[in-house]
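What follows is each chain in one-letter form.
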Amino acid sequence: RGAAGGGGPERAAPQRGAAVPDRVERTGSPEAKRRGDLKTSSRGPPDKAPAANLEAEAPRAPLTTPGGPRAKAPAGSPEGKPPGEPPRRRAAELFRWLVAPVAPEEFAERHWERAPLLLQRGDPSYYAGLFSTADFDAVLRSGDVHFGTHLDVTSYAEGVRETHNPVGRALPAVVWDFYQNGCSLRLLSPQAFSTTVWHFLSILQEHFGSMAGANTYLTPPGTQGFAPHYDDIEAFVLQLEGKKHWRVYSPRTSSEALPQFSSANLTQAELGEPLLEVVLEAGDLLYFPRGFIHQAECLPDAHSLHITVSSYQRNSWGDFLEKLLPAALQMALEEDPEYRQGLPMDCLGYMGVANLDAVDARRTAFVEKVQHLIKKLVDYAPIDAAMDQRAKSFLHDCLPPVLTQSEKQLSVYGFPARWQDGGPRNVDILITKDTEIRLLHYGIVRLCNEEAGVMLYYTTENSRVYHKEEPKYLEIGPEYTDSIEFLLSSYPNHVSVDTLPCDALEDKISLATILFEKGILTTKKPLVQV
């Protein structure tokens, strides 16, 4: 799920077909007593996903290139966020820049999950600073790239799609030889390598309320790297360099509209006529919903570098109900005897496909009983609890938050503890009743009431690599839950520690201290003046 679409069933991530418009989208310590019932853990529930194995430094600084996203959309860049501006507004401004000149409201109404959107801006520098072939080369030279895990080498010729991944590290000499011989290169999850892409996606996920992933694709002139296919994500294709010829096709049937899973590779004979055919040039954007078949090839005179940004994988009403309905049925079985009553003894004789056309009053009564129980099931549906569990999964998916320089200075990430003159200095985190605090960002925590107790899940210790870390949470004692809710409702305003609704001042200071240590809280003024 950490990847964007653009490769069929081999690797997909995080598309109701309508006509396209004319213009063609993170006990036991010496501090345990002080912290009371707060327990930290990085161990998640039994259904945790396997971790990836990847960590690397980015090749460049975030969004600082003149003329790039920072210059185009100051509020969308972490460096351009005005003091005190809620991150949701920052995310909205970045999305507005992404789909400009189309207004986000128009995009949501006419295109989102409905129809492709083509934006031909005529501005090759629109995405300058986001990612480039020079960045691609720098990633390879970092020595941390492995074939299959981080990089795919692909080709598509005469209707045959092939992957040419050797075993081991993807060294520049080998990778560029593949490219020179006509193979496309797909860098998986560039946000793990590029600080710029990480910042970009970290902000966009706040807008979507769903994981935002990406892949980058570098294709030689006159070649095609992937077979036609559709994906299970909403796809935003950002043409970074060169140009590429795209063809997009409507879902062929209603069952392929907004699919839960990506398709297999398709043949040209299965496609029909394209809904949209266009050459994307640097600065252009192409959005298409999940389920829209697509293929792209390079023209003979230019290479192509694009990044596909994806979101909304398995984030539908059906996916929500898959979690909600079993929980509702379990609760109904526990609380309502009607759900535990036995089936009619003779129902095998008149129910089943063989009796589908039989006219029998017993069949009618049986079906009505099922309908009654299903309708009644709504009364037992733990809708809010199910949404909390979905939010918990989203927080595990999330990239770690992007901090401005001022946020770093006011958080544990800028705390000046260090080794100096033969010993540690500025180690003590001295929070008092008068210290003014607030959440780092609103969406970085979620309270979930679970069988083991109340858990506070958070994203600040997540990895830039999808699910490399286990879900991060604090076990919250009952004396702290009101204070967590108070911090949530107070954001973005600062509140003094003394106003937290705990019974004892010691509890207030303990809570604020552990939340600060986990990067969840910032202070209005630096705790230590250096």
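Residues numbered from 1 in each chain as written. Predicted model: local features only at pLDDT ≥ 70, side-chain atom pairs only at ≥ 80, totals over all residues. Heavy atoms only, no water.

By the naming in an unreviewed UniProt entry, the protein chain goes by Bifunctional lysine-specific demethylase and histidyl-hydroxylase and is assigned to Odontophorus gujanensis. The protein chain has a UniProt comment under Function (unreviewed entry) that states "Oxygenase that can act as both a histone lysine demethylase and a ribosomal histidine hydroxylase." Its UniProt record gives the protein chain the following Subcellular location (unreviewed entry) comment, quoted word for word: "Nucleus". (UniProt positions renumbered as here; feature names shortened; annotations may be inferred.)

Engineer: Give a description of unusual backbone geometry that names residues and reports values.
Structural biologist: Look at the link from Ala-100 to Pro-101: it is a cis peptide, with omega at 10°. With respect to the helices, strands and loops of the structure, Pro-101 is situated in the loop between α3 (87–99) and α4 (104–110). Tyr-491 connects to Pro-492 through a cis peptide bond whose omega is 10°. Mapped onto the elements of the fold, Pro-492 is located in the loop between α13 (481–490) and β18 (495–496). Phi angles above zero are rare outside glycine, and Ser-189 is one such case at about 50°. The buried category is assigned to Ser-189, whose relative accessible area is 13%. (Helix = DSSP H or I, 4+ residues; strand = E, 2+ residues; numbered from the N terminus. Buried < 20%, exposed > 50% of the residue type's maximum accessible area, 1.4 Å probe, protein only.)

Engineer: Report on helix α11 (residues 383–397), specifying residues and quantitative values.
Structural biologist: Here α11 spans 21 Å end to end across 15 residues, near enough to the 21 Å set by a 1.5 Å rise per residue. Restricting attention to buried positions, one finds in α11 the residues Ala-386, Asp-388, Ala-391, Lys-392, Phe-394, Leu-395, His-396 and Asp-397. Close packing links the buried residues of α11 with α7 (195–208), α8 (317–335), β15 (445–450) and β16 (453–458). (Expected span 1.5 Å × (residues − 1). Contact = heavy atoms within 4.5 Å.)

Engineer: Requested: an account of the side chain of Asp-152, with residues and values cited.
Structural biologist: With respect to the helices and strands, Asp-152 occurs in strand β3 (residues 151–157). Overall, Asp-152 belongs to the buried group, its relative accessible area being 5%. A distance of 2.8 Å separates the side chain of Asp-152 from the side chain of Asn-165, its partner in a polar contact. Here the side chain of Asp-152 touches Arg-186 through a polar contact of 2.9 Å, side chain to side chain. (Polar contact = N/O pair within 3.5 Å; in protein donor to acceptor, adjacent residues only side chain to side chain.)

Engineer: Can you explain the nonpolar core? Please cite residues and give values.
Structural biologist: Formed by 51 residues in total, the largest nonpolar core has its most connected members in Leu-98, Leu-151, Phe-200, Phe-236 and Leu-238. Of all the elements, α7 adds the most residues to this core, at 7 residues. Shared between two domains, this core takes at least three residues from each, and those domains are domain 1 (87–311) and domain 3 (385–523). Filtering out sequence-adjacent residues up to four positions away, Leu-151 remains in contact with Phe-136, Leu-140, Val-145, His-146, Asn-165, Ala-170, Val-175, Leu-185, Arg-186, Leu-187 and Leu-188. (Core = buried A, V, L, I, M, F, W, Y, C linked by side-chain atoms within 4.5 Å. Domains from an automatic or database assignment.)

Engineer: Go over the pairing of β15 with me, naming the residues and quoting the values.
Structural biologist: Pairing analysis gives 6 bridges linking β15 to β16, with the strands arranged antiparallel. Within β16, the position partnered with Arg-446 by the bridge is Tyr-457. The loop that links β15 with its antiparallel partner β16 comprises 2 residues. (Pairing = 2+ DSSP bridges.)

Engineer: Pulling in residues and values, what's your account of the packing of aromatic side chains?
Structural biologist: On inspection of all chains with the given rule, the structure shows 25 aromatic pairs. Ring centres 6.1 Å apart and planes at 85° place the aromatic pair Phe-95 and Phe-236 in the edge-to-face group. Placement of the pair is Phe-95 in helix α3 and Phe-236 in strand β7 (residues 234–249), with a sequence separation of 141 residues. On the basis of relative accessibility, which here comes to 3%, the residue Phe-95 falls in the buried class. Since its relative accessible area comes to 0%, Phe-236 is described here as buried. Aromatic pair Tyr-126 and Tyr-127: ring centres 5.4 Å apart, planes at 90°, arrangement edge-to-face. Residue Tyr-126 is classed as buried on the basis of its relative accessible area, which comes to 9%. Look at Tyr-127 and you get buried, because its relative accessible area is 3%. (Phe/Tyr/Trp six-rings, centres within 6.5 Å; stacked < 30°, edge-to-face > 60°.)

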